[in-house]
Each structure stands twice: as structure tokens, then as C-alpha cells.
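Reading the structure
In case you want the letters, here they are:
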Amino acid sequence: MTPEQIRESLFLGEGQRIEFNASTRNLDALGKTVCGFLNASGGYLICGVNDKGDVIGVDTSPDTINQIEQLFSTEISPRTLISVQVEQVAEKSLIVIEVPAGKDVPYAFQDVIYIRVHETTKKADAETIRDIVLRRQIAPERWERRFSLANIDEDVDVTEVQRAVSDAGTVRRAFFKDTNRLPAILEDFSVSRYGRLTNGGDVLFAVNPAARLPQIRIRAVCYRSDKAGDTFQDMKSFEGPLHRIFESAYAFILRNTPTVSRFIEGNPKRQDAPLYPEAAIREALINALAHRDYSSPSGGIGIHVYPRRLEIWNAGALPDGVSTESLLKGQISILRNPDIAHVLYLRGFMEKAGRGSVLMVQQCRENGLPPPSWVSDSRLGVTVTFLAPEVTTDVTTEVATDVTTEVHRLLQHLEGEMTRQALQHAMGLKNAEHFRKTYLLPALEQGLIEMTIPDKPKSSKQQYRKTAAGKSFWKTK
């Protein structure tokens, strides 16, 4: 919820999806309201505004935020992603609690079910609870909640779980009963039940979930031209726990996009940064991983890097209630995979639920780029596209200059197109395996050289040449 949206809500007043609260002293009242929103269509609870809509401000210290998040984590069941953010309006600090439309109704606060009726929250009666339960029984169980074939004792990446606990502790969003017992941690993350891992837990924490769920892989391709299907200069497939493939995919994009130099007003020094804003790219990737449709074995995520655009595709159309137009404005979160999204939020990877697309647009505009665009199709999935500016000045294909001495030496001897054997001989090296691991592979991974026949890496006719980045780098030496 942006400050502008908050001001609009103050003008319209409280309603089915908006409630004001003058303070945060009565934590139970906050919990009941959030529970009511979860059992309805979601909503916003704005703390620091009185019943008349006057902004009076509220304590936004880390301890206060921590108390609120701990309340939601321990007293609301089943667990779900609830975003707690601090915003500034009229020079006053407000706490904005964004609540998605719950997928696991009925929700309870301190074992009591609450519902939202117009602008009030009240305890649900027996007939209402019966109706909610019956409606839920009609709907099939979500894919991420089904049991995985993974074995907790053998297939879980313990290091990844420990990193998740550490991340959650850093942002102070998760509270664990026992951080020394793996089953207890997984239950606290809501990805394990009765000693069995769910599909969501498999995606998040298994060593190799692709062994059971091939659809979790990310395929990334960098093309030489803007024509789809044209020859490519880099192609990778990533698999592993979700956070690991996210970081690998993110690194692939940075490695295959040029560096742009900009001058920021008030700063005489040139600022060098990737062409596409890093925060926007991270948000797009996280959204693809959190909101995609995992249920189809033929699904996946695809990254296509072209000289003039970047496309990130994921299986599954936009959820019902979300449109390409609403993404540009921000809205209440509608989560296809709330368990997966919840863990990402606890780890600090999803900062503002429902506002990720708005932040992407803002980042692009601040960097002089067209806003990203979304295309959704029920059969083909969702594609978000980032475009390079129509006129790009001072854009280079520079790469980091902290290359090894070995790679620097390889570039020195690489003239035109050369075979591996010819290049190794020119450098006076005898050990082929040492040459491959220490010189050739690092140069390829940094995008400084490329294969002349990339789709047949083991071809007897394979040769290597400097990329545009390699030539640019060599000119600066």
C-alpha cells in the first residue's frame, strides 16, 4: 500500500477491506481483525489512524513490529503470509498490515474463528463455520500442500534449512519452537506434517527436488540477436532448492546483460550498474518462483536474454482476481502458493506483498527504462518483459575487472577463432585438464569468450573467440 493509496483510504473511510486502529496496544484486537480479513477477501489494517480517519501516528520501533509479527506467527492458524510494513504519511509513522485473501479457510486467532461483516469483525457462529468448512471441502487440496515422495531424513538440504532459519532470525519474522530439531523447524515453516515433507517443502528445501519434480527447473538462454530462436551464446539449466536456483538464475541475467553508465543528479561521478535495475530483476524472479503453477510436470520457468529485452516466463496464468492492469497499480495479494510465499517472506525475499510489481515499475522509471509489461495466457503462462531504452548512451559490455591472472593470460593469446588445442599450445601449457578448469571454463563463465558452435560443445570443429565483453575488457587493459 503506497502513501497515495493510504491517503485515498483515509478519504473513503473504513469498510469491508479497510480498518483503522489508533494504536497497537491491544494486540488481540489486531489479531481478530487480521483473522476476519483472512476468512473474507483480504484487507488492510492501518495503525496510527483514529476512527475519524485522522493520522495521529504510532510507535514503529523494531520491538513493536516484532511483537506484531510474533503474534501473527504464533496465534493465527493455519499460517500464511501477512505483511507488516512502516509507511510515512503527513510526517507521521504508520504501520500497514496487509492481509491476503486466505486459501485455507477457516482461519482462527487463538483458536477462535472471526469473520468480517462490512466494516466490523465478529466471532463466527456455528452456522457460518459449517458453511465455510463445507465450501472448503469442495475445493481440491492445493498442490504445495500435498505430500511429497521426498524423505525428510535423506532428501532435505540441512544447510539450506539452517540458512533459512538464519535469514528469518535476521529479519525477525519467524519464531521457532526448537531450532535444533529439523522436523520441528520444517513444521514451523509449515512445509511438513506428521513427519512428511509437502511438495512446497520439497521445492524449498530438498537437495534435488527435480528428481521428483522436473517442473522446478529454470532454463536460461542468452541470444545473440533479438530474434527468438536465433543462435545463442549462453545457455544453462538450474536445479536444486528454490533459493539456490533463484541466485543462479539471477547471476545468469547479470552476467549476460551489459553495464550502463549513468550520471545521477547531485553526484558528479559516473555510476556504473547493470542495464536493468537489480531490485526489479530480483523481484520479477521471486514473483515467478512464488506465484507460478507448480502442478503441471511440463511447466517451469524460462529466462530469455536478448540484446534489447529480457523476458522471464513462468507456467500458469495470473491468479483469478489479478490482471495485467492491476499489477501496475498494486493490490491485495492473491497467492497461488501461500506456503512457499510465506517462507520467502520470512526469509526477507518478499518485502512488500502485493507491491512487487509496483516497485518493479518504479525502479525501471527511475533508471530511464520503459516500465515492464506482463502478458498472461491460460495455456502459455505469464511473461514479464523488460525493455532497453530506445536510445542508450554510454552503454558498454564491460565486465568485472577482477578476473584471474590465468583468464587475463588466455585473452592475451586468443586471436580471432582458435581451437582449444591451438590456444593451449600458444600459451605453452601441457596439462589439458588444468587448462580447461583454470583457464577455459572461468573465461566462458564470465562471458569473456564464447564457443563458435555453442549448441555442440564437444564438436571436433569447436573453436573459441572473444565476446564483445571480452574485447571491451581487453581494450581497457
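Residues numbered from 1 in each chain as written. Predicted model: local features only at pLDDT ≥ 70, side-chain atom pairs only at ≥ 80, totals over all residues. Heavy atoms only, no water.

Let's talk about the overall build of the chain
The helix and strand inventory of the chain stands at 17 helices and 21 strands. Taking all 477 residues of the chain together, the buried fraction comes to 50%. Across the chain, every contact between residues at least 6 apart in sequence was considered, and the portion connecting residues at least 24 apart equals 66%. For the chain, the computed accessible surface area is about 23,000 Å², with 50% contributed by carbon and sulfur atoms. (Helix = DSSP H or I, 4+ residues; strand = E, 2+ residues; numbered from the N terminus. Buried < 20%, exposed > 50% of the residue type's maximum accessible area, 1.4 Å probe, protein only. Contact = heavy atoms within 4.5 Å. Areas by Shrake-Rupley, 256 points an atom, 1.4 Å probe, with all protein chains shown as cover.)

A look at the packing of helix 14 (residues 405-413) against helix 16 (residues 432-445)
Remark: helix 14 packs on helix 16, axes separated minimally by 9 Å, with the N-to-C direction vectors making an angle of 75°. Compared by their axis directions, helix 14 and helix 16 come out roughly perpendicular. On the side of helix 14, the interface is formed by Glu406, Val407, Arg409 and Leu410, while helix 16 contributes Phe435, Thr438, Tyr439, Leu440, Pro442 and Ala443. By residue class, the composition of the contact of helix 14 with helix 16 is seven nonpolar, one polar and two charged. (Axes fitted to C-alpha atoms, helices over the stretch in contact; angles between N-to-C directions. Parallel < 35°, antiparallel > 145°, perpendicular 65-115°, else oblique. Nonpolar A, V, L, I, M, F, W, Y, C, P; charged D, E, K, R; others polar.)

Observations regarding the nonpolar core
In terms of nonpolar packing, the biggest core is built from 99 residues, with Ile97, Phe189, Phe205 and Phe386 touching the most fellow members. The element best represented in this core is helix 10 (residues 278-291), accounting for eight residues. Beyond its immediate stretch of four places on either side in the chain, Ile97 contacts Val34, Gly43, Tyr44, Leu45, Cys47, Ile68, Phe72, Ile82, Ser83 and Val84. (Core = buried A, V, L, I, M, F, W, Y, C linked by side-chain atoms within 4.5 Å.)

Thoughts on the pairing of strand 11 (residues 218-223)
Burial analysis of strand 11 places five of its six residues in the buried class, the great majority of the element. Direction of pairing for strand 11 relative to strand 15 (residues 301-305): parallel, over a ladder of five bridges. Within strand 15, the position partnered with Cys222 by the bridge is Val305. (Pairing = 2+ DSSP bridges.)

What to know about helix 1 (residues 3-12)
Taken residue by residue, helix 1 has Ile6, Ser9 and Leu10 as its buried positions. Buried residues of helix 1, viewed axially, fall in a sector of 100°; they line one side. The outward face of helix 1, more than 90 degrees from its buried face, is lined by the exposed residues Glu4, Glu8, Phe11 and Leu12. At its buried positions, helix 1 is contacted by strand 1 (18-21), strand 2 (43-47), strand 4 (83-89) and strand 5 (92-99). Downstream of helix 1 by one or two residues, Gly13 has phi in the positive range, about 90°. (Arc of directions from axis to C-beta.)

Comments concerning the pairing of strand 18 (residues 381-387)
The buried fraction of strand 18 amounts to six of the seven residues, a majority that puts the element mostly inside the structure. In terms of strand pairing, strand 16 (residues 309-314) meets strand 18 through six bridges, oriented antiparallel. The partner of Glu311 across the bridge, within strand 18, is Thr385. Across five bridges, strand 17 (residues 373-377) lies against strand 18 in antiparallel orientation. If you follow Asp377 over to strand 18, its bridge partner there is Gly381. Count of turn residues in the strand 17/strand 18 antiparallel hairpin: three residues.

Digging into the side chain of Asn287
Relative to the helices and strands, Asn287 is located in helix 10. Those residues within four positions of Asn287 in sequence are excluded, and the remaining contacts are Arg292, Gly356, Ser357 and Met360.

Some details on the pattern of salt bridges
Counted by the stated rule, this structure contains 26 salt bridges. The salt bridge involving Asp104 is made with Arg142; its shortest N-O contact spans 2.5 Å. With Asp104 in the loop between strand 5 and strand 6 (108-109) and Arg142 in the loop between helix 4 (126-138) and helix 5 (152-155), this residue pair connects regions lying 38 residues apart in the sequence. Arg142 matches Asp104 in its accessibility class, with the two residues each being buried. Among the salt bridges present, the one from Lys236 reaches Asp234, with a minimum N-O distance of 3.1 Å. For Lys236, a relative accessible area of 34% gives the class partly exposed. (Salt bridge = Lys/Arg side-chain N within 4 Å of Asp/Glu carboxyl O.)

Points about the sheet that holds strand 1
Judged by pairing direction, the sheet is mixed, and its four strands sit side by side in the order 1-2-5-4 without closing on themselves. Of all the strands in the sheet, the pair left with one neighbour each is strand 1 and strand 4. With strand direction ignored, the average angle separating the axes of adjacent strands in the sheet is 25°. Along the sheet face, helix 1 touches strand 1, strand 2, strand 4 and strand 5 and points at about 80° away from the line of strand 4.

Notes on the environment of Tyr294
Of note, Tyr294 is situated in the loop between helix 10 and strand 15. Counting along the chain gives 94 residues from Tyr294 to Gly200, while the straight-line C-alpha distance between them is 9.3 Å. Dropping the residues within four chain positions of it, Tyr294 is found in contact with Trp143, Val203, Gln215, Ile216, Leu242, Leu289, Asn337 and Ile340. A distance of 2.5 Å separates a polar side-chain atom of Tyr294 from the backbone oxygen of Leu289. (Polar contact = N/O pair within 3.5 Å; in protein donor to acceptor, adjacent residues only side chain to side chain.)

Let's talk about the side chain of Arg347
Tracing the backbone shows Arg347 in the loop between helix 12 (338-346) and helix 13 (356-366). Excluding residues within four positions of it along the chain, Arg347 makes contact with Glu160, Arg163, Ala164, Asp167, Ala168, Val171, Phe205 and His243.

Topic: the sheet that holds strand 6
Reading across from one edge, 3-6-7-8 is the order of the four strands in this open sheet, with antiparallel pairing throughout. What marks the edges here is a single partner per strand, and that holds for strand 3 (76-77) and strand 8 (120-123). Sheet topology note: the strand 6/strand 7 (residues 112-117) ladder contains two bridges and is antiparallel. In the sheet register, Ala108 faces strand 7, and the bridge partner there is Ile113. With respect to the sheet, helix 2 (residues 27-38) is in contact with strand 3, strand 6, strand 7 and strand 8, its orientation differing from that of strand 7 by roughly 70°.

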